[in-house]
Amino acid sequence: MKIFVKPFAEITIKSRPVRRQFVRQLVKNMRTVLSPLDPEVAVSGEWDNIEVQSSLVEPVAQQELFERLSNTPGIAHSYQVQEYPLPDSMETIAQLCAEHYAPLLQGKTFAVRCKRVGKHEFTSMDVERTLGSLLRRQCAAAGVELNRPEVEVRLEIRHQRLMVEHARHAGMGGFPLGSIEQALVLMSGGFDSTVAAYQLMRRGLLTHFCFFNLGGRAHELGVMEVTQYLWEKYGRSHRVLFISVPFEEVLADILNTVDNSHMGVVLKRMMLRAAERIADGLHIETLATGEAVSQVSSQTLTNLSVIDKAIEKLVLRPLVATHKQEIIDTAEAIGTADFAKNMPEYCGVISVNPTTKARLGRVMREEERLDMSILDRAISRARFITVDKLLEELSQDVQVETVSQALPGQIVIDIRHPHECEDKPLQLADIELLHMPFYAVNNRFKELDANRQYLLYCDKGVMSRLHVHHLLHEGHTNVRVYRP
């Protein structure tokens, strides 16, 4: 199977050295992303024509390959082609095109799009006009429509080779991951921070994730899961870090010391201080958050200005002028909305009358009463884990009971993503099966009958072990791991 990949249009307007650098990075990323699917995959190209040669023949595997390309930053689109020696006549070219397009053209309007490279006795327009006439008669098409055709017949002629396009898949655009500098994203796991992280990854920034734990194990686990999802879908070409900072003591100090109206602003400043010191240790010069102007009281322009003065590093806010519904729509599109909807709640800073016009002098006076050694202690206790090993590493020390066979009366809960359940359905005879995606387990398990026995299932057993461990910690004794 041969695939052509076109880089994002904005890459093609860069200077020659930058363009070459970006394309080389994209080729490297594509090899990393595709080689686990096809160890023999070949990726070549250094300008604007990147070719992928794959030995995959199974439709499901081919679909997964195109999905990975579609979710790789820097790609405008990819398309599968059938390659032939260039025929001597237009009639033969039309026959080769008809082998694929005939069922698609019957009764439809169409247009022929031809790209030509090399020296030939004909032009691209000659090919389009002649093939349009031939295919209309051969395939019983409704007619040629150049502006808004129902079907586009695409082909490329490169020197003495003919490539007929079979399937085109849109990419996510943007710049290749790793082609721009690094950033440390403050990650809460909600709609805003996940979309902000996605926007930075799409722009080519190598994005690390920093989580300030205010809500205990359930919240931490939820953020780990959505971070793992983001990395696996859009960033798997690079290894990045997940940093979890225990911030409960810092929050408690703020609640006990700071004036109620200034708690939110002070908490954000303390988070930025901690993130800056962590970023310094990683040689990262830029922080990022999911804040948008005036979404909450701490995000007025006045308050954001005061918050930023706590540190010297640049703070990016990709969503700064984005409406909430637009953020939610993007989260739905990229697959993080379900995580955000089911993210465990935590008791944060609740101000009765939060200020929207904080003054730097007043905030600094409030902070003078804080015990900064608590912040130092939180930073020293931060845990650094590479995202690709996140769930596996966390589950190593989790001791839970595992069973290989479900018994009558027990309920097996399939916690895989709905797409996985659909692609590879779990078949159980005489055993009740319940589907509950892993991102919903924390919230929905408490609604189940406490008198029944439940077995959690996932492909690798990692997510099921983590969730069983958490549920046992929460006092649910009627749950175990199912590993057939």
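Because the structure is predicted, anything quoted here is derived from the model rather than measured.

**Concerning the layout of surface pockets**
Its volume calculated, the largest pocket comes out at about 1800 Å³. In terms of lining, the largest pocket is formed by 47 residues, of which the most central are Glu64, Glu232, Arg236, His417 and Glu420. The biggest single contributor to the lining of the largest pocket is helix H7 (residues 216-235), with eight residues. Split by residue class, the lining of the largest pocket holds 19 nonpolar, 10 polar and 18 charged.

**Side note on the UniProt feature "domain: THUMP" (unreviewed entry) in the chain**
The UniProt record marks residues 63-168 with the feature "domain: THUMP" (unreviewed entry), using the residue numbering of this structure. Secondary structure content for residues 63-168 is 37% helix and 36% strand, while the C-alpha to C-alpha distance between its ends is 12 Å.

**Some words on the packing of helix H8 (residues 248-257) against helix H9 (residues 263-282)**
Relative to each other, H8 and H9 sit at 150 degrees, their axes nearing to 10 Å. Regarding the angle of H8 to H9, the classification is roughly antiparallel. Crossing hand, H8 versus H9: right-handed. Residues Val250, Leu251, Ile254 and Leu255 of H8 lie in contact with H9, whose contacting residues are Met263, Val266, Leu267 and Met270. For the contact of H8 with H9, the residue count by class is eight nonpolar, no polar and no charged.

**Considerations on the state of the cysteines**
Enumeration according to the criterion identifies zero disulfides in this entry. We note that Cys458 lacks a disulfide partner, and the nearest cysteine sulfur, in Cys421, lies 11 Å from it.

**Overview of the sheet that holds strand E4 (residues 75-85)**
Read across the sheet, eight strands follow the order E2-E3-E1-E4-E8-E7-E5-E6 without closing on themselves; strand pairing throughout is mixed. Whereas interior strands pair on both sides, the edge strands pair on one side only; in this sheet they are strand E2 (42-44) and strand E6 (143-144). With six bridges connecting them, strand E1 (residues 2-7) and E4 associate as antiparallel partners. Bridge assignment links Val5 to a residue of E4, and that residue is Ser78.

**Remarks on the sheet that holds strand E13 (residues 314-316)**
With mixed pairing, six strands are arranged side by side in an open sheet as E13-E12-E9-E10-E11-E14. Looking along the sheet, the strands with just one partner apiece sit at the ends: E13 and strand E14 (383-386). Between one strand axis and the next, the sheet turns by 25 degrees as a mean value, whatever way the strands run.

**What about unusual backbone geometry?**
Non-glycine residue Ala140 carries a positive phi angle of around 55 degrees. Among the structural elements, Ala140 can be located in the loop between helix H5 (124-138) and E6. Even without glycine at this site, Ser294 takes up a positive phi of about 60 degrees. Inspection of the secondary structure puts Ser294 in the loop between strand E12 (286-288) and helix H10 (301-308).

**Topic: the pairing of strand E9 (residues 182-186)**
E9 sits mainly inside the fold: four of its five residues count as buried. Here E9 runs beside strand E10 (residues 206-213); their pairing, made up of five bridges, is parallel. Counterpart to Leu186 in the pairing with E10 is Cys210. Of the strand pairs in this sheet, E9 and E12 are connected by two bridges, and their pairing is parallel. In the strand pairing of E12, Val185 is matched with Ala288.

**Side note on the packing of H9 against H10**
The geometry of H9 relative to H10 is characterised by a closest axis approach of 9 Å and an angle of 35 degrees between their N-to-C directions. You can see that H9 and H10 cross each other, and the crossing is right-handed. Only Asn303, Val306, Ile307 and Asp308 of H10 make contact with H9, whose side of the interface consists of Val265, Lys268, Arg269 and Leu272. Grouping the constituent residues of the contact of H9 with H10 by class yields four nonpolar, one polar and three charged.

**Comments concerning helix H2 (residues 16-34)**
Taking 1.5 Å as the rise per residue, H2 with 19 residues should run 27 Å; its terminal C-alpha atoms sit 27 Å apart, in good agreement. Next to the buried residues of H2 lie E1, helix H1 (9-12), E2, strand E3 (50-53), helix H3 (59-70) and E4.

**Re the pattern of salt bridges**
Under the counting rule described, the total for this entry stands at 32 salt bridges. A salt bridge links Glu156 to Arg158, with the shortest nitrogen-to-oxygen separation between them at 3.1 Å. On the basis of relative accessibility, which here comes to 15%, the residue Arg158 falls in the buried class. Connected through shared salt-bridge partners, Lys2, Glu51, Glu83, Glu156, Arg158 and Arg161 make up one network.

**Brief notes about the UniProt feature "active site" (unreviewed entry) in the chain**
Per the UniProt annotation, the sites labelled "active site" (unreviewed entry) are Cys458. In this structure Cys458 comes out as buried when scored by relative accessible area, which is 6%. Here Cys458 is in contact with Ile415, Arg416, Met463, Ser464 and Arg483, once residues within four sequence places are set aside.

**A closer look at the side chain of His470**
Mapped onto the elements of the fold, His470 is located in helix H18 (residues 462-473). Filtering out sequence-adjacent residues up to four positions away, His470 remains in contact with Arg217, Ala218, Leu221 and Asn442.

**What to know about the nonpolar core**
Of all hydrophobic cores here, the largest spans 59 residues; its most connected members are Phe209, Phe242, Ile413 and Ile415. For this core, the element with the highest residue contribution is H7, accounting for eight residues. Ignoring sequence-local partners within four residues, the contact set of Ile415 consists of Met436, Pro437, Phe438, Val441, Leu456, Tyr457, Cys458, Met463, Ser464 and His467. Ile243, Ile254, Leu287 and Leu370 belong to the second largest nonpolar core, which has 39 residues in total.

**A word on the side chain of Gln410**
With respect to the helices and strands, the residue Gln410 is situated in the loop between strand E15 (402-403) and strand E16 (411-414). At a separation of 2.8 Å, a polar atom in the side chain of Gln410 contacts the main-chain amide nitrogen of Leu407. Leaving out residues up to four positions away in the same chain, Gln410 has contacts with Gln405, Ile431, Glu432, Gln453, Leu455 and Arg480.

Criteria and thresholds
- Residues numbered from 1 in each chain as written.
- Predicted model: local features only at pLDDT ≥ 70, side-chain atom pairs only at ≥ 80, totals over all residues.
- Heavy atoms only, no water.
- 1 Å grid on protein atoms, 1.4 Å probe; cavity = no way out; pocket = protein on both sides within 12 Å on 5 of 7 lines; lining within 4 Å.
- Points joined across faces, edges and corners; volume = space filled by probe spheres on them.
- Helix = DSSP H or I, 4+ residues; strand = E, 2+ residues; numbered from the N terminus.
- Nonpolar A, V, L, I, M, F, W, Y, C, P; charged D, E, K, R; others polar.
- UniProt positions renumbered as here; feature names shortened; annotations may be inferred.
- Axes fitted to C-alpha atoms, helices over the stretch in contact; angles between N-to-C directions.
- Parallel < 35°, antiparallel > 145°, perpendicular 65-115°, else oblique.
- Left-handed = near helix turned anticlockwise from the far one by under 90°.
- Contact = heavy atoms within 4.5 Å.
- Disulfide = S-S within 2.5 Å.
- Pairing = 2+ DSSP bridges.
- Buried < 20%, exposed > 50% of the residue type's maximum accessible area, 1.4 Å probe, protein only.
- Expected span 1.5 Å × (residues − 1).
- Salt bridge = Lys/Arg side-chain N within 4 Å of Asp/Glu carboxyl O.
- Core = buried A, V, L, I, M, F, W, Y, C linked by side-chain atoms within 4.5 Å.
- Polar contact = N/O pair within 3.5 Å; in protein donor to acceptor, adjacent residues only side chain to side chain.

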